[in-house]
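Spelled out, the chains give:
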Amino acid sequence: MMPTEIPMNSNLKPSDVSLAQQQQADHVGKRKERDQGKTICEDMEVGKSNSQCGMKHSKPNDALEYKDDLIPISTLFAKPHKAQVKISGSGKYLAWLSRGRSVDDPLDDNGVMNIFCKDLETSQIKQLTFAKERDACSHFIFNADETEILFLQEIRRGSESYHLFALEIVPFFDETEVEEKKEPNPRNLIKDPRMTCGIGFVGGVQLWTSVKSPREVYVSTAEIGPFSLFWDVSRINIDTKECVLVQQNVMSSSASRWQFILKTGIALLCSWFDPPTVPLQWFPDDEMQFRGCIQIDLVNLGICFCARGRKEQQFKTLHSCTFENSNMDLIGSSGGAGTARMDFSRSSSEADTVDIHLCALTGKLASDTTTYDRFCVTTGEHISRLAGNNEKSDITGFVINRKTNQPQFVRYDSGKQTTEVFSGQGRGESNHTQPDEDVFLVDDLEHIGNYFAQSMAYSIISCTSKNDVWVIYAEADRGQQKCEGSPGGYFLFNRYSKGATSTAQTTQDSSPQIERKIELMFPSRPELKGHLLGEMKPLRVTASDGEELLCYLSEPADEEHVNSPLIMMIHGGPQARDTWGFNPLVQLLCNRGFRVMQVNYRGSTGFGARFIQIGMDGAFCKSLQQDITDVATYATNEGLCAKNRLAIIGGSFGGYSALHGLTFQPDLYKCCVAICPLTAVGAADEQSKKSFSGSPLIKKYWQRVFGENVSYNKKFAMDASPLYNTDNIRNMASVAIYHGVDDPRAPIGHSRKFVEKLKERNIKGEFVSFSGEGHGISKEENRLFMYHRIEKFLCGQFELSIRCGDDDRWVNNTASVEWSNSAGGD
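Residues numbered from 1 in each chain as written. Predicted model: local features only at pLDDT ≥ 70, side-chain atom pairs only at ≥ 80, totals over all residues. Heavy atoms only, no water.

Turning next to unusual backbone geometry. What you tend to see is this: most non-glycine residues have negative phi, and most peptide bonds are trans. Cis geometry is adopted by the peptide bond preceding proline 574, which originates at glycine 573 and carries an omega value of 10°. The topology assignment puts proline 574 in the loop between strand S33 (566-570) and helix H8 (584-591). The backbone phi angle of glutamate 160 is positive, close to 60°, even though this residue is not glycine. Relative to the elements of secondary structure, glutamate 160 occurs in the loop between strand S8 (148-154) and strand S9 (162-168). Judged by relative accessible area, which is 15%, glutamate 160 ranks as buried. The phi dihedral of leucine 301 falls on the positive side, at around 60°, and the residue is not glycine. Tracing the backbone shows leucine 301 in the loop between strand S17 (292-296) and strand S18 (303-307). (Helix = DSSP H or I, 4+ residues; strand = E, 2+ residues; numbered from the N terminus. Buried < 20%, exposed > 50% of the residue type's maximum accessible area, 1.4 Å probe, protein only.)

Structure follows, in structure tokens:
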């Protein structure tokens, strides 16, 4: 559990003190040099010429002060050197995403993430993909026989629709096979261009392989369009690309879809008629029979956890809950984010049981936070509770034993992420290869915890089938000696003694001897070595109605900053959350002299169903917005900033909250930054009719979030929409908005209409759009350019210094400055 107050002592452990002292000494030296010769640079448009941007050059009231010892934008926001590091089941290969090199020019780093692979037996490293315009993949896995890497790639940047590709590994390590190979590599396994697969707007990743059929892959599939969240399951042959439907959704055929729509209509009219349900996510057993699913109805958004027996065709509901009592942590508010899972007993087991990660705020299984429970599939009887029911945190993730495909660890996060052994008590069958394995796992976590101590949080992200080698990602808010000065890094953990074949190796008179070794493989951001970063501290703030809110306060590492302004940084969702660790935007702001406050307002996920429920108050989250106001007021009352030195920034729903704060709390904030925001909601929103591809599920979800009045009454909706309340904004306030032209969630029309209102008021600010971008800015040049604009805007507002000389890194951006009115950003 985390303390309820900010600890006054440093989070550094003894082994990190020397690094921190060296960084502090270097920093003091740099500060002296800077103070001896500060320079003022001409303020000019960077990234595009004035003619390209369609604007005339203008200066803020005072020219911005530039300093060359600040952390460069590209150092903070360039894509990491390594990501998604995974080990194959046999332990032969290690694969990861990394900044790729052009096949024509090995020195060309185009800022695009490509797939790399290392043969751990020969130590050879090969680049497997050579994408140039956008990242090669969003998610990848090894196939069962480790001859292929299977990966999901977005069809078009920002589309949130995906195709599945296969990539042979062996030819890259055998040059003769490369010369003889004729078929293009990688191969798109999805023949139909109208199809999407694997990841949707919400839900977990649905991609499976089987050791019994290693040349086949199972993946969720759907036609791109309004029903794409209602998945089928297809089996695809990796060699022939033959696609066979193995599980059909009722929404994928026109006949059954119309029956479903008819029954839903009857349920809307007749309260006594139970609404039909439709599968949203599938779960297989060890024979790749899809015997589990999460189903949802489109009348009340009730959730059902369903399973069927080994020889049965019909699903039965094992557990259900209403929308009001549900927990969006299971489904996830973004693609691949859901934590729901169903694990069936082995087909060789006499008992037919299933273990489900579920939510139940009321009823006989009541628990505020999510739990992992066992049910008998045959009778539907609840057998036991296996994990969860944590007082402060939902189960935020599982670590799976690759051999059994069952959990061996569960994760929680009530301030910083923690990992606990899943003991398997009450399972009725061993989850591990031997009874003593749980003892070893406890010792493993103790060893890892002692290694990283309190200064870092870690996650076990990949394991071999023998469970003898793990990939661990560890991260902190600041640079760590164990990561060679980077805030985070990927480590290899070997849990067997040299020469041992398994943890069962014993001597005649002793217990198994385990030798544990942790070694750094890759620092995630080595370029941050030597830069002094701000400390992020968990802080619990009491809202005006007494509710406790977990926040994170980050402060400049530079002691020379006096009367620092404070930025309220609001997460999206709303059913998402902020976590502790390295955050590039937080560090940019701290490095430029800001304090940063992040708020897990009511409605955030990870803290139980009740906390979500009280944020969905039927008046479009008024209590949620009040939480943000309460924390901002707390900051000024506690002297964290002066009342005229407070700003707010957010993206997506956080962008709405930023505009909401400036509009409905005009005396609180000096300025705001909104990225891909909503500006009108519910019945007042004329822009979002086709957002999320017109999905009826997402439409119904937002109706429940908005509440009845905002959803159906235009006056109530206008009262909750910043677009229709711009008259509240103070004349001296400033607004900066950034938006992807192809945003499928919050169409760019939201921002353009809001900007027109600002122009009428002659409010200061800027609006920048990015062609080829969706809900969020992903192309590296665009990200760098956007955060450079944000830096100039915010520092211009509060007369802080910015960095000069990074402009060559974003020269190929696709930005258009559609509006700029001298607010410190141009």
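This part takes up the nonpolar core. Met568, Met597, Phe620, Tyr738 and Leu794 are the most contacted members of the largest nonpolar core, which has 159 residues in total. At nine residues, helix H16 (residues 780-798) tops the list of elements feeding residues into this core. Residues within four places of methionine 597 in sequence aside, it is in contact with Leu539, Cys551, Tyr552, Leu553, Leu566, Ile567, Met568, Met569, Val631, Tyr634 and Leu640. Grouped together as the second largest cluster of nonpolar side chains are 30 residues, Phe140, Leu167, Phe173 and Val471 included. (Core = buried A, V, L, I, M, F, W, Y, C linked by side-chain atoms within 4.5 Å. Contact = heavy atoms within 4.5 Å.)

Okay, the packing of aromatic side chains next. Aromatic ring pairs are defined here through the distance separating the ring centres and the angle between the ring planes. One pass over the structure, following the stated rule, counts 24 aromatic pairs. Relative to phenylalanine 522, the ring of tryptophan 96 has its centre 4.8 Å away and its plane inclined at 50°; by these criteria the two rings are tilted. Of this pair, tryptophan 96 sits in strand S4 (residues 93-101) while phenylalanine 522 sits in strand S30 (residues 517-523), placing them 426 residues apart in sequence. A residue is classified by how much of its surface remains accessible, and tryptophan 96, at 2% relative accessible area, is buried. Judged by its relative accessible area of 14%, phenylalanine 522 is buried. Measuring from ring centre to ring centre gives 5.2 Å for tyrosine 372 and phenylalanine 398, while their planes differ by 55°; the resulting arrangement is tilted. In this pair, tyrosine 372 sits in strand S22 (residues 367-376) while phenylalanine 398 sits in strand S24 (residues 397-401), placing the two residues 26 residues apart along the sequence. Both residues of the pair, tyrosine 372 and phenylalanine 398, belong to the buried class. (Phe/Tyr/Trp six-rings, centres within 6.5 Å; stacked < 30°, edge-to-face > 60°.)

Before going further, it helps to spend a moment on the environment of glycine 158. Assignment of secondary structure puts glycine 158 in the loop between S8 and S9. Under the relative-accessibility criterion, glycine 158 is labelled buried at 12%. Ignoring anything within four residues of it in the chain, the contact list for glycine 158 reads Asp742, Pro744 and Gly774.

Turning our attention to empty space enclosed by the protein. Here the structure, examined in full by the defined rule, presents two cavities of 30 Å³ or more. Lining the largest cavity are Ser159, Glu160, Ser161, Thr196, Ile199, Gly200, Phe201, Ile224, Ser228, Leu229, Trp231 and Ser693. The class makeup of the residues in the lining of the largest cavity is five nonpolar, six polar and one charged. What lines the second largest cavity is Val202, Gly203, Gly204, Gln206, Trp231, Leu280 and Gln281. Class assignment of the residues belonging to the lining of the second largest cavity gives a composition of three nonpolar, four polar and no charged. (1 Å grid on protein atoms, 1.4 Å probe; cavity = no way out; pocket = protein on both sides within 12 Å on 5 of 7 lines; lining within 4 Å. Points joined across faces, edges and corners; volume = space filled by probe spheres on them. Nonpolar A, V, L, I, M, F, W, Y, C, P; charged D, E, K, R; others polar.)

No statement about biological role is implied by the geometric values presented.
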